[in-house]
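Listed below are the residues making up each chain.
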Amino acid sequence: MLSNIALYGAIETGLIYGLVAFGIYLSFRVLDFPDLTVDGSFPLGAAVAAILIIDGWNPWLATGCAVMAGMAAGAVTALLNVKLKILNLLASILTMIALYSVNLRIMGRPNVALLTEETVLTPWYDLDLAFHQVPVLLFTIVVFVALILLWRFMKSETGLAMRATGANARMARAQGIATGAMIVLGVAVSNGLVGLAGALFAQSQGAADVTMGVGVIVIGLASLIGGEAVVTPSTVVRALIACVVGAIIYRLAIAFALNADFLGLQAQDLNLITAVLVTLAIVLPGVRTSIANRLTRNKA
Amino acid sequence: MAKTTLRTLFAATLLALTTLVQAQEPRVVAITQIVEHPALDAVYQGIKDELAERGFKEGDNLEVMHESAQGNSAIASQIARKFVGESPDVIVAIATPSAQTVAAAARNTPVVFSAVTDPLGAKLVSNLDAPGANITGVSDMLPIDKHLDMLQRVMPDAKRIGTVYNPGEANAVSLVELLEERLAARGLELVKGAATKTSEVLGAARSLVGKADAIYLTTDNTVISAVEAVISVGERASIPVFAADTATVERGAVAALGFDYYDHGRQTGVMVARVLNGEQPGDMAVETMEKLDLFVNPAAAERMGISLSDEIIADAEQVIDSAK
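Summarised in this report is the structure supplied together with it. Model, not experiment: these values are computed from the prediction.

Some remarks on the interface of chain A and chain B
Thought 1: In this complex, chain A contributes 32 residues to the contact, which on the side of chain B involves 29 residues.
Thought 2: If you list the elements that add at least two residues to the side of chain A that touches chain B, you get helix 1 (4–30), strand 1 (111–113), strand 2 (207–209), helix 10 (236–258) and helix 11 (270–299) of chain A.
Thought 3: No other element matches helix 1 of chain A, which puts six residues into the side of chain A that touches chain B.

Describing the sheet that holds strand 1 (residues 27–33) of chain B
All names here are of chain B.
Thought 1: In space, the six strands of this open sheet follow the order 2-1-3-4-5-11, with parallel pairing throughout. Every interior strand has two partners, whereas the edge strands, strand 2 (62–68) and strand 11 (287–288), have only one.
Thought 2: Looking at chain direction, strand 5 (residues 135–139) and strand 11 are connected through two bridges and run parallel. Across the sheet, residue Ser139 finds its bridge partner in strand 11, namely Thr288.

Some details on the sheet that holds strand 6 (residues 160–165) of chain B
All names here are of chain B.
Thought 1: Strand order in the open sheet made by the seven strands is 7-6-8-9-10-12-13, with mixed pairing throughout. Looking at the sheet topology across the chains shown, the edges are occupied by strand 7 (189–194) and strand 13 (318–319).
Thought 2: Pairing analysis gives two bridges linking strand 12 (residues 293–296) to strand 13, with the strands arranged parallel. Counterpart to Phe295 in the pairing with strand 13 is Gln318.
Thought 3: Running over the sheet, helix 9 (residues 227–237) touches strand 6, strand 8 (214–217) and strand 9 (241–243) and is turned about 170° from strand 8.

Quick word on the pairing of strand 8 of chain B
Residue and element names in this part refer to chain B.
Thought 1: Burial along strand 8 is two-sided: the face carrying Ala214 and Tyr216 and the face carrying Ile215 and Leu217 are both buried.
Thought 2: Pairing between strand 6 and strand 8: two bridges, direction parallel. Directly across from Ile161, in strand 8, lies its bridge partner Ala214.
Thought 3: Where strand 8 lies against strand 9, three bridges are found, and the strand directions are parallel.

Remarks on helix 5 (residues 134–155) of chain A
All names here are of chain A.
Thought 1: With 22 residues, helix 5 extends 32 Å from end C-alpha to end C-alpha; this agrees with the ideal 32 Å at 1.5 Å per step.
Thought 2: Taken together, the buried positions of helix 5 are Val134, Pro135, Val136, Leu138, Phe139, Val143 and Leu150. Down the axis, helix 5 shows its buried residues gathered within 165° of arc, on one side only. For helix 5, exposure combined with an orientation more than 90 degrees from the buried face picks out Ile141, Phe144, Val145, Ile148 and Arg152.
Thought 3: Packing partners of the buried residues in helix 5 comprise helix 1, helix 8 (179–205) and helix 10.

Some thoughts on the environment of Thr101 of chain B
Thought 1: Following the sequence through the fold, Thr101 of chain B ends up in helix 4 (residues 96–105).
Thought 2: Separated by 28 residues in sequence, Thr101 of chain B and Asp129 of chain B have C-alpha atoms that sit 22 Å apart.
Thought 3: If near-sequence neighbours (up to four positions away) are discounted, Thr101 of chain B is found in contact with Gln205 and Gly206 of chain A together with Ala76, Ser77 and Ala80 of chain B.

Quick notes on the nonpolar core
Thought 1: Counting residues in hydrophobic clusters, the biggest one holds 143 residues, and the most contacted among them are Ala197 of chain A together with Val272 of chain B.
Thought 2: Here the element with the most residues in this core is helix 1 of chain A; it accounts for 17 residues.
Thought 3: Not counting residues up to four positions away in its chain, the partners in contact with Val272 of chain B are Val29, Ile47, Leu51, Val90, Val92 and Val112 of chain B.
Thought 4: In this structure, Tyr165, Ala243, Ala255 and Phe295 of chain B belong to the second largest nonpolar core, which totals 47 residues.

Here's the deal with the packing of helix 2 (residues 38–54) of chain A against helix 3 (residues 59–82) of chain A
Residues and elements named next belong to chain A.
Thought 1: Running from N to C, helix 2 and helix 3 cross one another at 145°; their axes reach a closest spacing of 8 Å. Judged by the twist between their axes, the crossing of helix 2 over helix 3 is right-handed. Between helix 2 and helix 3, the residues in contact are Gly40, Ser41, Leu44, Gly45, Val48, Ala49, Leu52 and Ile53 and Pro59, Ala62, Thr63, Cys65, Ala66, Ala69, Gly70, Ala73 and Gly74, respectively.
Thought 2: Of the residues contributing to the contact of helix 2 with helix 3, the split by class is 11 nonpolar, six polar and no charged.

Reading guide: rules and limits
Residues numbered from 1 in each chain as written. Chains lettered and ligands numbered in written order. Predicted model: local features only at pLDDT ≥ 70, side-chain atom pairs only at ≥ 80, totals over all residues. Contact = placed C-beta atoms within 7 Å. Helix = DSSP H or I, 4+ residues; strand = E, 2+ residues; numbered from the N terminus. Pairing = 2+ DSSP bridges. Axes fitted to C-alpha atoms, helices over the stretch in contact; angles between N-to-C directions. Buried ≥ 20, exposed ≤ 12 C-beta atoms within 10 Å, placed from the backbone. Expected span 1.5 Å × (residues − 1). Arc of directions from axis to C-beta. Core = buried A, V, L, I, M, F, W, Y, C linked by C-beta atoms within 7 Å. Left-handed = near helix turned anticlockwise from the far one by under 90°. Nonpolar A, V, L, I, M, F, W, Y, C, P; charged D, E, K, R; others polar.

Shown next, in the form of structure tokens:
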């Protein structure tokens, strides 16, 4: 079975990827903008935070800069789409590829270590908590604050305009909404959240690495879809909660997969297990509704 | 007298008991690697083979857990947590990213890293000779001192060593800085020629003519891509060219000391066995590659105006006798 450390580790990584799922919810669900920039903005956030921290900056300030950098990356993708009329998916791929070079430039080398540096986590280790519980506590607070802020934003006039843009861009334009600006803002905020996740991840795992963005989009999407399967996203709050729940479930599933020696599974099977889990998460809600439909029909 | 015998007997029984307990309870080694890759897989195999040779046989008195993160750092971090949570006897981390995640997660579990080029830069240890904490390992940094020993063995009179490097390649710059420092320690002088792209390598090599007695090349990607340019200058101006990788010897360098990653794994296995036998990682100095294979090219040496002694040729793992 799972050890305590593995369990808390899964929750910790899940919370960080919950932030990624927030970002993907904003782009894919709210704006209907398939954005792959996140594979680049995640290591971008990590790179900016890491390089500023080893330069002696306050870790929270460095993390804030990572958010700004992520937002800038998102804005570039959105502007490529809105102003230069490049297909949204392609625009995001272009930014993602460019960010690989940018990240290498920012770090000056492929890997920047933070193991002995002061991070946002350092002061929290003085608390009377086990070593592996500290990040979970701090990241729970961060995710909670982000969730509240996002929720308030989605209910604000701008937030409503953004949701209208994603739901029906022509109608939104007819109502006088500047849909282009909404897309830029939304994709920027989305990637700002992903940059935040990257910055926190680098600080909790002890290094920023140029390859750490690989597969972030897939994992984020899997978390989003999985969460929606468990928590029906009928309202914005429920959708945001679904993001966090989905990300944590995904990480727990991986932790169990790593422990699934009794099934004869091995390390190299992990990607297959991920694919099976994501497929199940996508298919199950449909199965559930069809069963529910059949039951109600029987009643009638 | 009787008392001493009794005490010896007691000690012997205790010793026998502990070995018995050790034999019954399998020791656990958890190995995490960032990605499946021929060099890293060879390290893994080398570790297991060395442990078996030192009496730790998998399935018998040794349990080996092995996970690969498949290039994904979030999974690497979860593997690290899983291993730390199961508190094995030793965690072995192959390659820098895996080693960093393990170092971030493990507070007390002994850790041995492998295939990490710069353990100081990666902040895995703060001191190579006495790491102090729970972590030590083997670095795959170029053993520049051993390379210079070899160079001086072939050319004891060389005083000025030339090198060609790309100032835009971070790895190459740090190697050249290290080279300069190690040369200075031997009272030798470094002469540098800079080439920012392959087309500039020839010019940079020519700039060394008359200033250098020998040329030593690090694993600079730009220079090695165009190494024939350096070798042609070496042949025309009779400046012997030495390399850091064995493949360059086949392309016409005089000699090189290289290693393969299976032997790197074997050396890591020795350290793992020492930890299993009760040594503290913090007391064990970080090692660089010990077993190096000497490749020599006598024909190339002749073209560059020197001859390799029979002794050196006899020591070589491989003698390349092709014209070029």
